[in-house]
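Chain by chain, the residues:
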Amino acid sequence: MTLPVKDDEDAAAQQQAALRSFYKVAAGSCAMVVETVADTCEIAGMTTNVNGRNRNIDGYGGSAITVTGQITMKVKFKASLSKTAP
């Protein structure tokens, strides 16, 4: 996810806000898996990377923080998913 940076606000606080947004998405991902295809789900691991960039070239683009990550889940799929169609 990429979020704009406000030059007049604390950079560290904006980075923490971006990470919080990513972690909220990660937490919701397990809930979505349980709603759709699984009986249980737990986050087994997660990696994140935060990059800042200044794209304010000639007044266009602006600065941004990009958070990328990978979420590893331990999932027990619903038994009905393993049944084959007739």
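Structural notes, computed from the coordinates. (Residues numbered from 1 in each chain as written. Predicted model: local features only at pLDDT ≥ 70, side-chain atom pairs only at ≥ 80, totals over all residues. Heavy atoms only, no water.)

1. Some words on the side chain of T66
Definition in use: The way it works is that DSSP assigns letters per residue, a run of H or I at least four long becomes a helix, a run of E at least two long becomes a strand, and they are numbered from the N terminus. Here a polar contact is taken to be a pair of N or O atoms separated by no more than 3.5 Å, where protein atoms must pair a possible hydrogen donor with a possible acceptor and residues adjacent in sequence count only if both atoms sit in side chains.
Position of T66 among the secondary structure elements: in strand β3 (residues 63–77). Within the structure, T66 has its side chain in polar contact with the side chain of T2 (distance 3.1 Å).

2. A word on the pairing of β3
This is how it is decided: If DSSP finds at least two bridges between two strands, the strands pair.
Pairing between strand β1 (residues 2–4) and β3: 3 bridges, direction antiparallel. Paired with P4 across the strands is A64, a residue of β3. In the sheet, strand β2 (residues 38–54) pairs with β3 via 15 bridges, with the strands oriented antiparallel. Across the sheet, the residue bridging to N54 is S63, located in β3.

3. With respect to the sheet that holds β3
What counts here: Think of each axis as a best-fit line through the C-alpha atoms, taken over the contacting stretch in the case of a helix, with angles from 0 to 180 degrees between the N-to-C directions.
What the 3 strands build is an open sheet, ordered β1-β3-β2; its pairing is antiparallel. Each having just a single partner strand, β1 and β2 make up the two edges of the open sheet. When the angles between neighbouring strand axes are averaged without regard to direction, this sheet yields 25°.

4. Observations concerning the pattern of salt bridges
Heads up, the condition is: Any Lys or Arg side-chain nitrogen located within 4 Å of an Asp or Glu carboxyl oxygen qualifies as a salt bridge.
Summed over all chains, the structure comprises 1 salt bridge. A salt bridge links E9 to K6, with the nearest nitrogen and oxygen atoms 4.0 Å apart.

Coordinates in, geometry out; function isn't part of it.
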